[in-house]
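# Reading the structure
The chain contents come next:
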Amino acid sequence: MSSHVQKAVLGGNTTLKPFLIYGKIDKAMEYYTISMIFVHTNLGGRRYVDRACTAIRRMPTYYDKEDTMIQNLIEKIQKTKAPICVGLDPMLSYIPEHILKDAIETYGETLKGAAEAIWQYNKEIIDHTWDLIPAVKPQVAMYEQFGIEGLEAYKKTVDYCHEKGLLVIGDVKRGDIGSTSAAYATAHLGHVQVGSKKLAGFGTDFITVNPYLGTDGVKPFVDVCNQENKGIFVLVKTSNPSSGEFQDRLVENRPVYELVAEKVMEWGAMSMENGYSNVGAVVGATYPEMSRLLRKQMPHTYFLVPGYGAQGGTAEDLKYCFNEDGLGAIVNSSRGIIAAYKQEKYAKFGAEHFAEASRQAVTDMVTDINRVLL
């Protein structure tokens, strides 16, 4: 190791202390990483940090000369002044009659007809909102229910968003072990080797990942993030009502979501540069006190925040997901935006102008969130 520097900066309270670790490895290994690891003093102190340093030294990153994917997201958030993403989670019940009618007249009452309807619906919403937002988050299940035709609509949606300059967070919640997890990562973030060519599958910029299988299930995604300069958001504390059945259970007097957060920071140290990691966390807006604690625990982890609006989360609730600089989180809204025309507040737009209602809902959401951040 030709040059390596470590620095430990102590802070916080008496039971939880952060260590800032950074190092540069010789050119033959071609990587540089910065990480923040929080270590409980009763978990081994310095020895725990040394193990973290070893993990960092062994994991290469591949993007010294370009912005990381999380940095790309931050730049788009700063440019639009909109820390939000639009959840493209179409249901047939959301789609205005005139769009559904046209698709069925062309393709019949078939999966192809349904897929065409959701594609046309998505396209119009994207056309009316792309200049206001940094990213979208399509939930793949809403497309998978229509089989191969639905996945084709998903892919068309991803590609069209990229044409508009948007980042795409594929909400796929994948997680397995070994070659299976690696294949999921390749499908959604990477390239697969076909003869002499490397070809992208779905080509999203980020995806959501389920950590239930531990490091075996998450590391293949981190590896692909490093190889392809992509990102993931790992489920930590989700917004659904029953999330506490597992996530709030105590293990050695600590909730499971806090233990998962520690692992996310460890995994994030393998893919970090310029302050934030490409390994983010899903933290729901519906549990503000928990998000406040997680924000303090994970200052260098970007949060993907579901639960705003239709699920009951308010701007006041989610403000704790952000750091003091106004960064650190991107807030999702799905049906509150894409089906805005069905709400009384936006009824004046009508079904014919549903996408204009979506645009207004985006503007209102940005104003609401920025109100509590400024």
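See the structure shown above.
The sections below set out a description of the structure shown in this document. (Residues numbered from 1 in each chain as written. Predicted model: local features only at pLDDT ≥ 70, side-chain atom pairs only at ≥ 80, totals over all residues. Heavy atoms only, no water.)

Looking only at helices and strands, the chain has 14 helices and 16 strands in total. Taken across its 374 residues, the chain has 50% of its residues classed as buried. Summing over all exposed atoms, the chain offers an accessible surface of approximately 17000 Å²; the carbon and sulfur share of this is 53%. (Helix = DSSP H or I, 4+ residues; strand = E, 2+ residues; numbered from the N terminus. Buried < 20%, exposed > 50% of the residue type's maximum accessible area, 1.4 Å probe, protein only. Areas by Shrake-Rupley, 256 points an atom, 1.4 Å probe, with all protein chains shown as cover.)

One number sums up the size of the largest pocket: a volume of about 470 Å³. Lining the largest pocket are 26 residues; nearest its centre among them are D89, K137, P306, Q311 and N332. For the lining of the largest pocket, the secondary structure elements donating two or more residues are β5 (167-174), β15 (303-305), β16 (329-333) and α13 (335-338). Of the residues in the lining of the largest pocket, the class split is ten nonpolar, eleven polar and five charged. Its volume calculated, the second largest pocket comes out at about 410 Å³. Lining of the second largest pocket is provided by 17 residues; of these, N210, P211, Y212, F246 and Q247 occupy positions nearest its centre. Every element with two or more residues in the lining of the second largest pocket is listed here: β9 (231-237), α9 (244-247) and α10 (256-268). With four residues, the top contributor of residues to the lining of the second largest pocket is α10. Classifying every residue of the lining of the second largest pocket gives eight nonpolar, eight polar and one charged. (1 Å grid on protein atoms, 1.4 Å probe; cavity = no way out; pocket = protein on both sides within 12 Å on 5 of 7 lines; lining within 4 Å. Points joined across faces, edges and corners; volume = space filled by probe spheres on them. Nonpolar A, V, L, I, M, F, W, Y, C, P; charged D, E, K, R; others polar.)

Another aspect to go through is α10. Over its 13 residues, α10 extends 18 Å from the first C-alpha to the last, a length consistent with the 18 Å expected when each residue adds 1.5 Å. For α10, the full list of buried residues reads Y257, V260, A261, E262, V264, M265, W267 and G268. (Expected span 1.5 Å × (residues − 1).)

So, on to the nonpolar core. Most often, soluble globular proteins have nonpolar side chains that are buried together. L88, Y121, I232, V236 and F303 are the most contacted members of the largest nonpolar core, which totals 79 residues. Those residues in contact with Y121, other than ones at most four positions away along the chain, are P90, Y94, I95, P96, I99, I338, A339 and F354. Of all hydrophobic cores here, the second largest spans 18 residues; its members include I70, A135, L167 and F233. (Core = buried A, V, L, I, M, F, W, Y, C linked by side-chain atoms within 4.5 Å. Contact = heavy atoms within 4.5 Å.)

Where α10 meets helix α11 (residues 288-297), the axes come as close as 11 Å, and the angle between the chain directions of the two elements is 30°. Between α10 and α11, the angle falls in the class roughly parallel. Between α10 and α11 lies a crossing of right-handed hand. Contacts between α10 and α11 involve Y257, E258, A261, E262 and M265 from the former and M290, L293, L294 and Q297 from the latter. (Axes fitted to C-alpha atoms, helices over the stretch in contact; angles between N-to-C directions. Parallel < 35°, antiparallel > 145°, perpendicular 65-115°, else oblique. Left-handed = near helix turned anticlockwise from the far one by under 90°.)

Moving on: the sheet that holds strand β4 (residues 135-136). Around the barrel, which closes on itself, the eight strands sit in the order β3-β4-β5-β8-β9-β14-β15-β16 with parallel pairing between neighbours. Summarising the sheet, β4 and β5 pair through two bridges and their orientation is parallel. Opposite V136, over in β5, you have V168 as the bridge partner. Set on the sheet, helix α6 (residues 147-163) makes contact with β4 and β5; between it and β5 the angle comes to about 150°. (Pairing = 2+ DSSP bridges.)

Now for unusual backbone geometry. Positioned with a positive phi, K173 is a non-glycine residue whose angle comes to about 45°. Turning to its location among the elements, K173 is positioned in strand β5. Judged by relative accessible area, K173 falls into the partly exposed class, the value being 38%. In this structure, E252 takes a positive phi of about 55° despite not being glycine. Inspection of the secondary structure assignment puts E252 in the loop between β10 (250-251) and β11 (254-255).

By themselves, these are just geometric observations and shouldn't be taken as functional.
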